[in-house]
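# Residue-level structural notes
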Amino acid sequence: MSHIVARRVPARAAPGPPPLRSAPHRTAPLRTPPRKMIASHLLAYFFTELNHDQAQKIDKYLYHMRLSEETLQEVSQRFRKEMEKGLGADTNPTASVKMLPAFVRSTPDGTEDGDFLALDLGGTNFRVLRVKVSDNGLQKVEMENQIYAIPEELMRGSGVQLFDHIAECLGNFMEKLKIKDKKLPLGFTFSFPCHQTKLDESILLTWTKGFKCSSVEGKDVVSMLRKSIKKRGDFDIDIVAVVNDTVGTMMACGYDDHNCEVGLIVGTGTNACYMEEMRHIDLVEGDEGRMCINMEWGAFGDDGVLNDIRTEFDREIDMGSLNPGKQLFEKMISGMYMGELVRLILVKMAKEGLLFGGNLTPDLLTTGHFETRYVSAIEKEKEGLQKAHEILTKLGLEPSHEDCVATHRICQIVSTRSANLCGATLAAVLRRIKENKGVDRLRSTVGVDGSVYKKHPHFARRLHKTVRKLLPDCEIRFVRSEDGSGKGAAMVTAVAYRLAAQHKARQKILEALKLSHEQLLEVKQRMRIEMENGLGKETHAEATVKMLPTYVCSTPDGTEKGDFLALDLGGTNFRVLLVRVRSGMRRGVEMHNKIYSIPVEIMQGTGEELFDHIVHCISDFLEYMGMKGVSLPLGFTFSFPCQQNNLDEAILLQWTKGFKATGCEGEDVVNLLKEAIHRREEFDLDVVAVVNDTVGTMMTCGYEDPYCEIGLIVGTGSNACYMEEMRNVELVEGEEGRMCVNMEWGAFGDNGCLDDIRTEFDTAVDELSLNPGKQRFEKMISGMYLGEIVRNILMDFTKRGLLFRGRISERLKTRGIFETKFLSQIESDCLALLQVRSILQHLGLETTCDDSIIVKEVCTVVARRAAQLCGAGMAAVVDKIRENRGLDFLKVTVGVDGTLYKLHPHFSTVMRETVKQLSPKCEVTFLQSEDGSGKGAALITAVACRIREAGQR
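Residue numbers run consecutively from 1 along every chain, following the written order of its sequence. Per-residue local features of the predicted model are confined to residues with pLDDT of at least 70, and side-chain atom pairs are confined, for both listing and counting, to 80 or more; whole-chain, interface and lining totals are unaffected and use all residues. The basis for every side-chain value is the complete set of non-hydrogen atoms in the structure, without hydrogens or water.

## Here's the deal with the overall build of the chain
Selection criterion: By definition, any uninterrupted DSSP run of H or I lasting at least four residues is a helix, any uninterrupted run of E lasting at least two residues is a strand, and each is numbered from the N terminus. The quantity called the radius of gyration is restricted to C-alpha atoms. Its globule counterpart is 2.2 Å times the number of residues to the power 0.38. Any residue under 20% of the maximum accessible area for its type is buried, any over 50% is exposed, and the rest in between are partly exposed; the area is computed with a 1.4 Å probe on protein chains only. Contacts are assigned to residue pairs that have any heavy atoms within 4.5 Å of one another. Only the protein chains shown count as cover for residues, with accessible areas throughout obtained via the Shrake-Rupley method and a probe of 1.4 Å. Positive charge is attributed to Lys and Arg, negative charge to Asp and Glu, and no charge count is given to His or to the chain ends. To locate a charge, the coordinates of NZ of Lys, CZ of Arg, CG of Asp or CD of Glu are taken.
Per the secondary structure count, the chain includes 29 helices and 26 strands. Against the globule reference of 30 Å for 953 residues, the chain gives a C-alpha radius of gyration of 41 Å, more extended than a compact globule. Each principal axis of the C-alpha atoms in the chain carries an extent, and together these give about 135 × 80 × 65 Å. Counting over 953 residues, the chain shows a buried share of 56%. Taking all contacts inside the chain whose residues are at least 6 apart in sequence as the whole, residues at least 24 apart take part in 70%. Entry remark: accessible area of the chain is about 42100 Å², with carbon and sulfur atoms responsible for 51%. Averaged over its 122 positive side-chain charges, the chain has a centre that lies 9 Å from the centre of its 133 negative ones.

## Considering the side chain of Glu530
As a reminder, the rule being used: Salt bridge, as used here, is a side-chain nitrogen of Lys or Arg placed within 4 Å of a carboxyl oxygen of Asp or Glu. Two N or O atoms count as a polar contact when they lie within 3.5 Å, although within protein this holds only if one can serve as hydrogen donor and the other as acceptor, and sequence-adjacent residues are included solely when both atoms are side-chain atoms.
Mapped onto the fold, Glu530 is located in helix H16 (residues 517–535). Buried charge Glu530 goes without a salt bridge, the closest partner of opposite sign being Arg526 at 8.3 Å. Polar contacts involving the side chain of Glu530 include one to the side chain of Asn751, which spans 3.2 Å. When residues no more than four places from it in sequence are discounted, the contact partners of Glu530 are Thr544, Val545, Phe748, Asn751 and Cys753.

## Some remarks on the pattern of salt bridges
With the rule as written, the count across this model stands at 78 salt bridges. Across the pair Arg679 and Asp612 runs a salt bridge, and its minimum N-O distance is 2.9 Å. You can see Arg679 sitting in helix H19 (residues 669–680) and its partner Asp612 sitting in helix H18 (residues 607–624), a full 67 residues away along the chain. Connected through shared salt-bridge partners, Lys524, Arg528, Glu532, Asp879, Arg882 and Glu883 make up one network.

## Let's talk about H19
For an α-helix, the turn length of 3.6 residues means that residues three or four places apart are oriented alike. Rules: A helix is expected to reach a length of 1.5 Å times the quantity of its residues less one. What the arc measures is the spread of directions leading from the helix axis to the C-beta atoms.
Its 12 residues give H19 an end-to-end C-alpha distance of 17 Å, which sits within 8% of 16 Å, the value for a rise of 1.5 Å per residue. All of the buried residues in H19 are Val669, Val670, Leu672, Leu673, Ala676 and Ile677. The arc that holds the buried residues of H19, viewed along the axis, is 160°, so those residues lie on one side. Packing partners of the buried residues in H19 comprise strand E15 (562–569), H18, strand E18 (633–638), strand E20 (649–652) and strand E21 (686–691). Two or three places before Val670, at the start of H19, stands the capping residue Asp668, its side-chain oxygen 3.0 Å from that residue's backbone nitrogen. The positive-phi residue at the C-terminal boundary of H19 is Glu681, with phi of around 50°.

## Considering the confidence of the model for the chain
Just so we agree on the cut-off: A score from 0 to 100, pLDDT tells how confident the predictor is in each residue.
The predicted model of the chain has a mean per-residue pLDDT of 88, with 93% of residues at 70 or higher. This model gives residues 1–32 a pLDDT under 50, and the stretch forms 28 contacts once residues within four places in sequence are excluded.

## Points about the environment of Gly484
Relative to the elements of secondary structure, Gly484 occurs in the loop between strand E13 (474–480) and helix H15 (487–511). Between the C-alpha atom of Gly484 and that of Ala496, which follows or precedes it by 12 residues, the distance is 16 Å. Leaving out residues up to four positions away in the same chain, Gly484 has contacts with Gly248, Thr249, Ala252, Asp449 and Ala489.

## So, the environment of Thr466
Mapped onto the elements, Thr466 comes out in helix H14 (residues 459–470). The exposure class assigned to Thr466 is buried, which follows from its relative accessible area of 6%. Separated by 40 residues in the primary sequence, Thr466 and Leu426 place their C-alpha atoms 9.5 Å from one another.

## Regarding the pairing of E18
The criterion, for reference: Should DSSP find at least two bridges between two strands, the strands are regarded as paired.
Along E18, 6 of the 6 residues are buried, which leaves the element largely enclosed by surrounding structure. Neither face of E18 is open: one carries Pro633, Gly635 and Thr637, the other Leu634, Phe636 and Phe638, and all of them are buried. With 5 bridges joining them, E15 and E18 adopt parallel strand pairing. Bridge pairing in E18 links Leu569 to Phe638. Across 5 bridges, the pairing between E18 and E21 is parallel.

## Some words on the state of the cysteines
Stated precisely, the cut-off is as follows: Disulfides are defined in this document as cysteine sulfur pairs within 2.5 Å.
Counted according to the given criterion, the structure contains 0 disulfides. Note on Cys404: no disulfide assigned, nearest cysteine sulfur contributed by Cys411 at a separation of 11 Å. Left without a disulfide partner, Cys870 is nearest to the cysteine sulfur of Cys721, which lies 13 Å away. Taking relative accessible area as the criterion, Cys870 reaches 0% and is therefore assigned buried.

## Here we look at the sheet that holds strand E26 (residues 922–928)
In spatial order, the strands read E14-E24-E23-E22-E25-E26; together these 6 strands make up an open sheet with mixed pairing. Each edge of the open sheet is held by one strand with a lone partner, namely strand E14 (548–549) and E26. Summarising the sheet, strand E23 (residues 718–725) and strand E24 (residues 738–742) pair through 5 bridges and their orientation is antiparallel. Within the sheet, the bridge partner assigned to Met723 lies in E24 and is Cys740.

## Points about the pairing of strand E9 (residues 260–266)
For E9, the buried fraction is high: 7 of the 7 residues fall into the buried class. Inspection of the sheet shows E9 paired to strand E12 (residues 442–449) by 5 bridges, in the parallel sense. If you follow Val262 over to E12, its bridge partner there is Val446. Sheet topology places E9 next to strand E10 (residues 270–277); 5 bridges connect them, and they run antiparallel. From the neighbouring strand, Gly263 faces E10, where its bridge partner is Cys273.

## Some remarks on the sheet that holds strand E8 (residues 237–243)
The test is simple: In this description, a line fitted to the C-alpha atoms serves as the axis of each element, helices being fitted only across the stretch in contact, and the angle between N-to-C directions of two axes falls anywhere from 0 to 180 degrees.
Ordered by their spatial adjacency, 5 strands build an open sheet running E4-E3-E2-E5-E8, and the pairing between neighbours is mixed. Two strands close off the open sheet at either side, each with one partner strand: strand E4 (139–149) and E8. Sheet twist, expressed as the mean angle between neighbouring strand axes with direction ignored, is 25°. Where strand E3 (residues 125–135) meets E4, 11 bridges bridge the pair, whose relative direction is antiparallel. Counted as the bridge partner of Ser134 is Lys140 from E4. Contacting strand E2 (114–121), strand E5 (184–190) and E8, helix H5 (residues 221–232) crosses the sheet at an angle of about 155° to E8.

## Here we look at the nonpolar core
The criterion, for reference: We define the nonpolar core as a collection of buried residues of types Ala, Val, Leu, Ile, Met, Phe, Trp, Tyr and Cys that are connected through side-chain atoms lying within 4.5 Å of one another.
Core analysis: the biggest nonpolar cluster contains 114 residues, and Leu712, Tyr722, Met743, Trp745, Phe818 and Met874 have the highest contact counts within it. Looking at which element gives the most residues to this core, the answer is helix H26 (residues 849–884), with 18 residues. Non-local contacts of Leu712, meaning those with residues more than four positions away in its chain, are made with Thr694, Thr697, Asn719, Ala720, Trp745, Cys870, Met874, Val894, Gly895, Val896, Asp897 and Met911. Judged by nonpolar contacts, the second largest core, of 113 residues, contains Leu199, Met332, Leu341 and Ile413.

Okay, here's the thing in structure tokens:
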């Protein structure tokens, strides 16, 4: 509260003249007659005392209008609750603060460009504007406008006549600027209560401000204007947006300050708008991004929540208004009522003999005669009291000095309360934005317009002070809006145009990654051809999909039993497992394992050192399990490219994953292992099977589900295997039964057969990989590469100015920063865009809300394509099995493993749908595998032992 505080002078002695030093060049000192001096000081002191006492009297009288900080906090909290009611679908119908969606989804980012028109209809005049926005490094806005009158008879005539008149004025304006031949986008500021359903559709609820045109209420004003323009036929216009003046204010300021996300008007009326998260807006479909909410906050308190702070004067104003019981908050703060509040207080005090010697004049008793501009004039620093004297005299009174002081104080209390209340509700809005963003300190900007804010000498300062007091943890800037209803409407249109153009450009780029049903069928067919090539003796050497025989000829039947060892070597760690398989009533698998590391010097030393290290680890494990000296059958998962000539014979073709041990390539790894066991002379092991992890996955699931005859891995890499008829496996002698074929399908497309669906982004990722031209299918679907594809697309978007405001950060240029796990996190349904933003910020990418939506969309498109391609490959496999067996319908299970399949929120669903669409004659179940490379290797060994025993019997 600002008080007029007088310095009290001690009563002991009247202030005497200060001692004056004589000036050196004067001969006699300057003297002031002491009596005059004492008199003037006394007079000043007397007036100060008088002013102070008078102000204190008023403060007591208007005690209820002076709100404490606690009360303002309470008002702020109540307003928060009202906002939530307005946003909720169930509570909105009865909410007093309506929180209307404005369908404006983004604020300006400074790259807006183009020529726009704006119409501003909100009173007896209306304006047509042409706004040129240019962004050639220097944001600038040029405006030309023309004001047209609306004759009284049109305000009360038919709606058609009104819109015909507007269309005529628009035509006249375009004629004058010689732009009739252009089809320009237009923003329409229509400042009447409306129900908006789209950015370019607004249903008028009721006319206000003296308008009474027939057949407009309940209709869409945009289509009425469109009809009037069409009827003329001499120009065409694209009406893009209908805007309320508060939203216009936010957008006009947002062009100059990109932090602006709140609009506030305090003029004749009052209202505010702000950017809310879509996930909180129940009245509009969709959870992505933000939308501007036109709060219509003037109606705060219409349900009685402000009754305890409303005074008798507020009630009296309401009773005498055109809309009793409505817009109660607005009546406490806006310009239309401020002067009237002061008048009612003056009248009451005069009646009680506290002012003007108890005199009243007809002028003072007339509603509306004490105008709000008087309040501003009386509160001016220097001439305030003099103005008070002039204004009161004009109202026929003969005010004393005390009356003027009292009037000044009353104005001060009324306008301060207004600023404080406004600050309390604004603080609630900003606190909500802060919580939505989940930040510790909010930096935000409020765009403000309205005569009270702009013209009252202290209103703005008091409002800022209240907001700072209630929100010590926020840095809030206030920017005065210049022409929100004109420039603002053009800005809404410019932003809508920019978003539409950018969206179109992005969709065009992403189009190449969206595969049609026909394209997926084509991929399925080509995979089938490549499979046949890999299986055929003549074509195998040239084939890209190698279709390697694994010599695994049967899946588990449930009668397997016994203890088995399994080794799992596929990276820098190495596991040894003991797997106990039980049959009968207690059927199940029990596992014990231990992980050992392989030092780099052993990975890159000699083959003997490597296999001696492996045997040393087996020895340690047997001791750890208390099984030294026991001879067990062993299964060996060896996840490197091998040519298998038997179940227990695998020739290493080449090392990958950083291994370089000498003397191993071209050798049988089972032999190398057996030799190392003999060298140790400690125990003997029966190496029954060498397995690839994909086959292990199929076998693990096969133990749970007898229908499982396919294995699939979609993790860092990707591969598949399935049970093929022996008669089709031309590389192996024999026609009877089946054998599992390890497809090595990652190399599908290495012969160019997928070039028509590969994009520039796939090419870029492939060229910079460790094995250019190899494993092309894998590079389109597996976890190791999806993040890189996304990063390349984001780079492309940014270079084209479609993302991150066209600014490429050094981080975005760094290969591999966009890990595939981020794809899974970003696409997770429960993740708000807030978390997407924090993932991107963690990557050093400063993003807006719109950027987050785009990144999420790119991730979705890339992961969806991967899942569909994977599904197309799988469809080729299941249909081949069905045709092999001459069935009309096949029921089959696929055992699946891999981080992408298991962790990505949508990958598995999309893949399953694709298989269903492309192979309608197959019922395919997907079963997640647990530990294919460990348990799977043991089960293959168990099956082999079962078959071997049966053979011996």
